[in-house]
Amino acid sequence: MNTLKNKLSFSELSQGTGLKNALSMSRAKVISKVSASGIRGRGGAGFPVSVKWNLCGLAHSDRKFVVCNADEGEPGTFKDRVILDEYASLVFDGMTIAAYAVGASEGILYLRAEYVYLREKLEEALRRRRKDGLLGKQILGSNLNFDIHIFMGGGAYVCGEETALIESLEGKRGEPRNRPPFPIDMGYLNHPTVVNNVETLAWITCIFEKGASWFKEQGTEGSVGPKLFSVSGDCTKPGVYEFPLGISVLELLAQTGGENAKCVQVGGASGHLVPASEFCRHICFEDMATGGSVIIFGQNRKALDIAENFMEFFEDESCGQCTPCRDGNAKLLEGIRMLKNGACKKQRFTSLLNLAETMQLASRCGLGQSSPNIFLDVIKHFHTEFELTSDATPDADCRMGA
Ligand SMILES: Cc1cc2nc3c(=O)[nH]c(=O)nc-3n(C[C@H](O)[C@H](O)[C@H](O)COP(=O)(O)O)c2cc1C
Ligand code: SF4
């Protein structure tokens, strides 16, 4: 299958120009250009890149790190894999620009365990960069000394969360840390660390070649620039697409052959299930944020099956550190199965709703804070697909906590 479905802006770039341009500026100018572009992180949370870099640049330390998050574990996401396969030099250039901006000398590409097949190709690209003076001492005649090495991921979804990723880099279990302190102050080995997504870093290189205004002209006021989307599911043209942020679900479906969809999951398992009545909504930070995963579901799909599938994933992937997530995902999964079997009493249903809200509020990291989304979305939009039993009905086999 040809994964790339439309022409990416990355294909229009000339080798190394963005990096050269950045290294010819002062560090302060690099950060102000990133700020002028308005770029927000492409990993999902949408944190402004210039703010992160500026804070890390201000942190006092003799050692700083730039980490590229290539864990890409969100179900339905595969655009970082395509970028690493076809445009790795843009990612390495972006990491080098970040290092220059914050004063880091060491870079780490945290590569998803399942992408091990890409490793040799990426190592070869790094060797070539060292030979060409794009890594090492005084890169391109500047005062920047910087090198990058690859670290293979731990194989768990939660390792994509930046503090769990750092724990994993340090050789520990991939468990999210309490914040503060944030990685920009105390990250890898307790040194200031910038963590950015693969796509974010590739766009940085693009901005230093095509300009901040080129980037800012696309998208919406609060979500500027183009974005890559990994589109899968019940559509005729699945693959990786570049669209401006702010595209409506309807427009995206038209472009990808998914017009007949019943609902669309925007943002992967941790995102939101959008019913057809809301296809006019926009994919951007002001409306529905996404790291890029779009899963299309056709008319024959059952909402509770989708929810069961995602909750099985979360139950499996919870790191188990905090109770709301460790126990909550298991209870929600159980509740979904009860709903599927027509064995969920009204009282139980109410307690599941309370549990979902508690998880959103009390879980330590984004996994447990967002895993109840699918349960709540199905309740909100697809309540006609199940019935609750009366509280007077005798208990079914599938009991909460049984
Ligand atoms: C459970 C979980 C998994 C995540 N997985 C990824 C991932 O695979 N790749 C990624 O870039 N960000 C992931 N993130 C977001 C990161 O914590 C972090 O916000 C991101 O790497 C920052 O980069 P950006 O600002 O360039 O988007 C994940 C977050 C959570 C809560
Ligand atoms: S929310 Fe879940 S994944 Fe995150 S720290 Fe708590 S148990 Fe671990």
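Just so we're clear, the structure is a prediction, and the values are computed from it rather than from any experiment. (Residues numbered from 1 in each chain as written. Chains lettered and ligands numbered in written order. Predicted model: local features only at pLDDT ≥ 70, side-chain atom pairs only at ≥ 80, totals over all residues. Heavy atoms only, no water.)

1. Some points on the domain arrangement of the protein chain
Often, the extent of an interface is quoted as the loss of accessible area on bringing the components together. We note that the domain assignment places domain 1 (9-216), domain 2 (226-297) and domain 3 (303-385) within the protein chain. Look at where the C-alpha atoms of domain 1 and domain 2 centre, and you get two points 26 Å apart. Taken together, the contacts link 22 residues of domain 1 with 20 residues of domain 2. A combined buried area of about 1,500 Å² lies between domain 1 and domain 2, and 61% of that area is made up of carbon and sulfur atoms. The largest share of the area that domain 1 buries against domain 2 comes from Arg-42, Phe-78 and Lys-79, three residues that together contribute 31% of it. At the surface where domain 1 touches domain 2, the tally comes to one salt bridge. Put simply, Glu-199 and Lys-227 hold a salt bridge, and the shortest N to O gap is 2.6 Å. Where domain 1 packs against domain 2, one counts 10 residue pairs in polar contact (both at pLDDT 80 or more). (Domains from an automatic or database assignment. Contact = heavy atoms within 4.5 Å. Buried area = accessible area lost by both parts, 1.4 Å probe. Salt bridge = Lys/Arg side-chain N within 4 Å of Asp/Glu carboxyl O. Polar contact = N/O pair within 3.5 Å; in protein donor to acceptor, adjacent residues only side chain to side chain.)

2. Things to note about the nonpolar core
Counting 64 residues, the largest nonpolar core has Phe-10, Trp-53, Leu-84, Phe-92, Leu-122 and Phe-146 as its most contacted members. Residues Leu-332, Cys-344, Met-359 and Val-378 belong to the second largest nonpolar core, which totals 35 residues. (Core = buried A, V, L, I, M, F, W, Y, C linked by side-chain atoms within 4.5 Å. Buried < 20%, exposed > 50% of the residue type's maximum accessible area, 1.4 Å probe, protein only.)

3. Observations concerning the site of ligand 1
Among the 18 residues in the neighbourhood of ligand 1, the closest are listed as Gly-43, Glu-72, Asn-196, Asn-197 and Thr-200. Note that a nitrogen atom of ligand 1 is positioned 3.3 Å from one of the backbone N or O atoms of Gly-160. Coverage of ligand 1 by the protein amounts to 87% of the 610 Å² it exposes when considered alone. Taking a 2 Å distance to the grid points as the criterion, the majority of the atoms of ligand 1 fall inside the largest pocket. Elements with a contribution of two residues or more to the shell around ligand 1: β4 (193-197) and α14 (366-370). Looking at the shell around ligand 1 residue by residue, the class counts come to three nonpolar, nine polar and six charged. (Near = heavy atom within 4 Å. Areas by Shrake-Rupley, 256 points an atom, 1.4 Å probe, with all protein chains shown as cover. 1 Å grid on protein atoms, 1.4 Å probe; cavity = no way out; pocket = protein on both sides within 12 Å on 5 of 7 lines; lining within 4 Å. Sits in = over half its atoms within 2 Å of the grid points. Helix = DSSP H or I, 4+ residues; strand = E, 2+ residues; numbered from the N terminus. Nonpolar A, V, L, I, M, F, W, Y, C, P; charged D, E, K, R; others polar.)

4. What about the pattern of salt bridges?
Counted according to the given criterion, the structure contains 29 salt bridges. One salt bridge connects Arg-129 with Asp-93, and the closest N-O pair in it is separated by 2.5 Å. Placement of the pair is Arg-129 in helix α6 (residues 119-131) and Asp-93 in helix α5 (residues 88-102), with a sequence separation of 36 residues. Taken as a pair, Arg-129 and Asp-93 share a single burial class, namely buried. Between Glu-308 and Arg-337 there is a salt bridge, with its nearest N and O atoms 2.8 Å apart.

5. Topic: empty space enclosed by the protein
Under the counting rule described, the total for this entry stands at one cavity of 30 Å³ or more. Reported here for the largest cavity is a volume of approximately 80 Å³. Forming the walls of the largest cavity are Val-158, Pro-176, Cys-319, Gln-321, Cys-322, Cys-325, Ser-363, Arg-364, Cys-365, Leu-367 and Gly-368. (Points joined across faces, edges and corners; volume = space filled by probe spheres on them.)

6. Quick look at the site of ligand 2
Close to ligand 2 lie 13 residues; Cys-319, Gln-321, Cys-322, Cys-325 and Cys-365 are nearest. Given that more than half its atoms are within 2 Å of the pocket grid, ligand 2 belongs to the largest cavity. Here the shell around ligand 2 is composed, by residue class, of seven nonpolar, five polar and one charged.

7. A short note on the sheet that holds strand β8 (residues 272-275)
The strands making up a sheet are joined through hydrogen bonds of the backbone, oriented either antiparallel or parallel. What the five strands build is an open sheet, ordered β6-β5-β9-β7-β8; its pairing is mixed. Two strands in the sheet have a free side with no partner beyond their single neighbour: β6 (239-244) and β8. Strand-to-strand, the axes of this sheet are offset by a mean angle of 30°, without reference to chain direction. Bridge count between strand β5 (residues 226-233) and strand β9 (residues 293-297): four bridges; the pairing is parallel. In the sheet register, Val-231 faces β9, and the bridge partner there is Val-294. Strand contacts of helix α8 (residues 198-210): β5 and β6, with the helix running at about 145° to β5, the strand carrying the most contacts. (Pairing = 2+ DSSP bridges. Axes fitted to C-alpha atoms, helices over the stretch in contact; angles between N-to-C directions.)

8. Quick word on the packing of aromatic side chains
Considering all chains together, one arrives at 13 aromatic pairs under this definition. Pairing Phe-10 with Trp-203 gives two aromatic rings, centres 4.4 Å apart and planes at 50°, and the pair type is tilted. Taken together, the positions of Phe-10 in the segment before α1 (17-23) and Trp-203 in helix α8 put the pair 193 residues apart, joining distant regions of the chain. Relative accessible area serves as the criterion here: at 2%, Phe-10 is assigned to the buried category. Between Phe-313 and Phe-314 the ring centres are 5.4 Å apart and the planes differ by 65°, which places this aromatic pair in the edge-to-face class. (Phe/Tyr/Trp six-rings, centres within 6.5 Å; stacked < 30°, edge-to-face > 60°.)

9. Examining the side chain of Thr-77
Summarising the element assignment, Thr-77 is placed in the loop between β1 (65-70) and α4 (79-86). When residues no more than four places from it in sequence are discounted, the contact partners of Thr-77 are Glu-72, Tyr-115, Ser-230 and Ser-293.

10. Here's the deal with the sheet that holds strand β2 (residues 106-111)
Pairing is parallel in the open sheet, where four strands are placed in the order β3-β2-β1-β4. On the outer flanks of this sheet lie β3 (147-152) and β4, each paired with one strand and no other. Each strand of the sheet is rotated relative to its neighbour by a mean of 20°, with strand direction disregarded. One ladder, built from six bridges, connects β1 with β2; its direction is parallel. Counted as the bridge partner of Val-67 is Ile-108 from β2. Against the sheet, helix α7 (residues 162-169) makes contact with β1, β2, β3 and β4, and its axis sits at roughly 105° relative to β2, the strand it touches most. Along the sheet, α8 makes contact with β1 and β4, crossing β4 at roughly 90°.

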